[in-house]
Amino acid sequence: MFTKTQVFHKNFDEESAKDFLVSCLENDFNNLELFTKDYVHSYRITSKGKLLSNRRKSNEDFLVLSHNKKKSYILEEGMIIPPLVDLGVMLEDGKVVKNHYDKFKQINRFLEIIDDSIKDEKYLRIIDFGCGKSYLTFILYFYLVNIKKIECDIIGLDLKEDVINNCNNISKKYGYDNHLKFHMGDISKFKDSLNVDMIITLHACDTATDYALYHAINMKCRYIFSVPCCQHEINNQLSNNYYHTITKFGILKDRFSAI
């Protein structure tokens, strides 16, 4: 579909394609030509609202199927991945839930970034600062151990006791608890003299991201995967007198603080 400035593409299954085409004829267009491998089907609505149709043999090899190539993911559909099942992204038979396919792709992208970075590793010691509910941490453990065949020990750190208890229970349920453990603690006061290979901090709240990066540098981590959070501390310090054109719009103020 085209506008003056944009082009849109959308793939349909058979049932939704039928609904879409009927809707087009009822609401937007008087003429429709449908190209298939063998025939060109033509439909036209007359001024009296009558639908006319015919078909002719197709003699052109016009089908372009390159955009239908199956995307190769690290976590393939059909794998039984307990964290994705519990998250509701995947069914127990490994089929991805249709409404959660974007989340499935987002999780795969996260793993792709890590996969592009780690080479020939045999063992990794990892800390997830501000781990929260840790669904990505569980998926990361599954990926490293079951797909990459890398031995690892992962520690998740968060301030909320109930969250930590729940994560440890889930780790035990999956059989990960010997190598994936969760502790309650303040990132700013974290002390660890052991060697750490990788630090992960995904949306650790406020200045927790800064402390996580500080510890990562002090521990000379070889891998740092960080997505900063909302930066409330900076947000609250922005003066309306100097930044009034930004601070009057909440989303601009948040983005400016993050940057």
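See the structure printed just above.
Quick caveat, the model's predicted, so the values are computed rather than measured.

(A) A look at the nonpolar core. Core analysis: the biggest nonpolar cluster contains 39 residues, and Leu75, Leu84, Ile118, Leu124, Leu144 and Met198 have the highest contact counts within it. Looking at this core, the element that brings in the most residues is helix 4 (residues 135–147), giving 7 residues. The next biggest cluster of nonpolar side chains, apart from the first, holds 14 residues, and it includes Val196, Ile199, Met219 and Cys221.

(B) View of the side chain of Ser171. You can see Ser171 is positioned in helix 5 (residues 161–174). Taking relative accessible area as the criterion, Ser171 reaches 0% and is therefore assigned buried. Reaching out from Ser171, the side chain makes a polar contact with the backbone oxygen of Leu180 at a distance of 2.8 Å. Apart from residues lying up to four places away in sequence, Ser171 is in contact with Phe138, Tyr176, Asp177, Leu180 and Phe182.

(C) Up close: the environment of Gln6. For Gln6, the location among the structural elements is in the segment before helix 1 (14–27). Residues Gln6 and Met184, 178 residues apart in the sequence, show an inter-C-alpha distance of 50 Å.

(D) How the structure looks around the packing of aromatic side chains. On inspection of all chains with the given rule, the structure shows 8 aromatic pairs. Residues Phe12 and Phe20 carry aromatic rings whose centres are separated by 4.8 Å and whose planes lie at 25° to one another, so their mutual orientation is stacked. Look at Phe12 and you get partly exposed, because its relative accessible area is 34%. Judged by relative accessible area, Phe20 falls into the partly exposed class, the value being 29%. Ring geometry for Phe138 and Tyr174: centres 5.5 Å apart, planes at 90°, overall edge-to-face. Taken together, the residues Phe138 in helix 4 and Tyr174 in helix 5 connect sequence positions 36 residues apart. The exposure class of Phe138 is buried, given its relative accessible area of 2%. Cluster of aromatic residues (ring-pair linked, three or more members): Phe138, Tyr141, Tyr174, Tyr176 and Phe182.

(E) Broad picture of the sheet that holds strand 3 (residues 51–57). Taken in spatial order, the 3 strands line up as 1-2-3 in an open sheet, and their pairing is antiparallel. The open sheet terminates on both sides in strands that have one partner only, identified here as strand 1 (31–35) and strand 3. Adjacent strand axes in the sheet meet at a mean angle of 15°, parallel and antiparallel pairs treated alike. Note that strand 2 (residues 39–45) and strand 3 share 7 bridges and pair antiparallel. The residue of strand 3 that forms the bridge with Ser42 is Asn54. Of the strands in this sheet, strand 1, strand 2 and strand 3 touch helix 1, which is tilted by about 155° from strand 1.

(F) Structural view of the pairing of strand 5 (residues 151–158). A large share of strand 5 lies buried, amounting to 6 of its 8 residues. In this region the chain leaves strand 4 (residues 123–129), passes through helix 4 and returns to the parallel neighbour strand 5; the handedness of that crossover is right-handed. Relative to strand 6 (residues 180–184), strand 5 is paired through 5 bridges, and the arrangement is parallel. The residue bridging Leu157 from the neighbouring strand is His183, located in strand 6.

(G) Local environment of the pattern of salt bridges. Here the structure, examined in full by the defined rule, presents 9 salt bridges. A salt bridge links Lys18 to Glu15; the nearest nitrogen and oxygen atoms lie 3.4 Å apart. Of the two residues, Lys18 and Glu15 both sit in helix 1, 3 residues apart, roughly one turn of that helix. Assessed through its relative accessible area of 46%, Lys18 is described here as partly exposed. One salt bridge connects Glu121 with Arg222, and the closest N-O pair in it is separated by 2.7 Å. Highlighted residues: Glu121 in the loop between helix 3 (101–117) and strand 4 and Arg222 in the loop between helix 6 (208–218) and strand 8 (223–227), separated in sequence by 101 residues. Salt bridges sharing partners connect three or more residues here, namely Glu121, Asp197 and Arg222.

(H) Examining the pairing of strand 2 more closely. Looking at chain direction, strand 1 and strand 2 are connected through 5 bridges and run antiparallel. Following the sheet pairing, Phe35 is matched in strand 2 by Val40. The antiparallel hairpin formed by strand 1 and strand 2 contains 3 residues in its connecting segment. From the end of strand 2 to the start of strand 3, which pair antiparallel, there are 5 residues, and Gly49 there has a positive phi angle of about 85°.

(I) A look at a nonpolar patch on the surface. Taken together, Leu213, Ile217 and Ile224 make up a surface patch of nonpolar side chains, about 250 Å² in accessible area. Mapped onto the elements, Ile224 comes out in strand 8.

Scoring rules and cut-offs
- Residues numbered from 1 in each chain as written.
- Predicted model: local features only at pLDDT ≥ 70, side-chain atom pairs only at ≥ 80, totals over all residues.
- Heavy atoms only, no water.
- Core = buried A, V, L, I, M, F, W, Y, C linked by side-chain atoms within 4.5 Å.
- Buried < 20%, exposed > 50% of the residue type's maximum accessible area, 1.4 Å probe, protein only.
- Helix = DSSP H or I, 4+ residues; strand = E, 2+ residues; numbered from the N terminus.
- Polar contact = N/O pair within 3.5 Å; in protein donor to acceptor, adjacent residues only side chain to side chain.
- Contact = heavy atoms within 4.5 Å.
- Phe/Tyr/Trp six-rings, centres within 6.5 Å; stacked < 30°, edge-to-face > 60°.
- Pairing = 2+ DSSP bridges.
- Axes fitted to C-alpha atoms, helices over the stretch in contact; angles between N-to-C directions.
- Right-handed = clockwise from strand over helix to strand, strands pointing away.
- Salt bridge = Lys/Arg side-chain N within 4 Å of Asp/Glu carboxyl O.
- Patch = residues over 30% accessible without salt bridge, like charges linked within 9 Å, V, L, I, M, F, W, Y side chains within 5 Å.
- Areas by Shrake-Rupley, 256 points an atom, 1.4 Å probe, with all protein chains shown as cover.

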